[in-house]
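Structural overview
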Amino acid sequence: MFKNLFKSKKVESDSTILQPLEGEIVPLDVVPDPVFSQKMIGDGFAVNPTNGTVVSPVDGEVISVFPTKHAVSVKSADGREILIHVGLETVTLNGEGFTSFVSDGQRVQKGQKLLEADFEFIKEKVPSIITPVIFTNLAENERVVIEEDGVKIKN
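Below, the structure is looked at part by part. (Residues numbered from 1 in each chain as written. Predicted model: local features only at pLDDT ≥ 70, side-chain atom pairs only at ≥ 80, totals over all residues. Heavy atoms only, no water.)

1. Thoughts on the pairing of strand β7 (residues 71-76)
- Among the six residues in β7, five count as buried, and that is most of the element.
- Counting the residues between successive antiparallel strands, the hairpin from strand β6 (residues 60-65) to β7 contains five residues, one of them, K69, with a positive phi of roughly 60°.
- Relative to strand β8 (residues 81-85), β7 runs antiparallel, the two being bridged by five bridges. Paired with V72 across the two strands is I84, which belongs to β8.
- Hairpin connection between β7 and β8: a loop of four residues separates the two successive antiparallel strands, and G79 in this loop has a positive phi of roughly 100°. (Buried < 20%, exposed > 50% of the residue type's maximum accessible area, 1.4 Å probe, protein only. Helix = DSSP H or I, 4+ residues; strand = E, 2+ residues; numbered from the N terminus. Pairing = 2+ DSSP bridges.)

2. Remarks on the pairing of strand β12 (residues 131-135)
- β12 sits mainly inside the fold: five of its five residues count as buried.
- Alternating positions in β12 separate into two faces, T131, V133 and F135 on one and P132 and I134 on the other, with burial throughout.
- As paired strands, strand β4 (residues 43-49) and β12 are joined by five bridges and run antiparallel to one another. Considered in β12, the bridge of D43 is made with F135.
- As paired strands, β8 and β12 are joined by three bridges and run antiparallel to one another. Paired with I84 across the bridge in β12 is V133.

3. Quick notes on the packing of aromatic side chains
- Enumeration over the complete set of coordinates arrives at zero aromatic pairs.
- Over the ring of F101 we find K113; its NZ or CZ atom is 4.6 Å from the centre of that ring. (Phe/Tyr/Trp six-rings, centres within 6.5 Å; stacked < 30°, edge-to-face > 60°. Lys NZ or Arg CZ within 6 Å of the ring centre and 35° of its normal.)

4. Digging into the side chain of E142
- Tracing the sequence through the fold places E142 in the loop between β12 and β13 (143-147).
- A polar contact is formed between the side chain of E142 and the side chain of R80, at a distance of 3.0 Å.
- At 2.8 Å, the side chain of E142 forms a polar contact with the backbone nitrogen of A139. (Polar contact = N/O pair within 3.5 Å; in protein donor to acceptor, adjacent residues only side chain to side chain.)

5. A few points about the pattern of salt bridges
- In this structure the tally under the stated criterion is five salt bridges.
- With a closest N to O distance of 3.0 Å, R80 and E142 form a salt bridge. Of this pair, R80 sits in the loop between β7 and β8 while E142 sits in the loop between β12 and β13, placing them 62 residues apart in sequence. Residue R80 shares its accessibility class with E142, and that shared class is buried.
- Here K123 makes a salt bridge to E120, at a shortest N to O gap of 3.3 Å. (Salt bridge = Lys/Arg side-chain N within 4 Å of Asp/Glu carboxyl O.)

Spelled out as structure tokens, the structure:
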């Protein structure tokens, strides 16, 4: 599906996680929202998107599709919880500009479409369409590092 893959390294296993949107990977500290840039809900990265299709980064289960459809959480088969928050302050759109293709509790496959975002509509109404991708349950000693060949979770 997308060219950019990144490796998630766990002590007991390695797994490859698909980048959930096409676009440039950027560090969280450049996201113009302190909740994300200061890693208040977890470490991760952001995508400056070039396409509005959001896909599952892992095989797993949808934990939550927010009622406003601006964000979705997925839990991988190995227990990683990943929040994909499309744009900033997009909750204020009350679902306008978003189409959801999954529901809470649904099993998903890596690359399966989760959401569609109409960025032409959305970008005129919110501060940014940059999309944080947050690992909400990393171990205390784990951190997300952007490297030349992708994003890695390191101990």
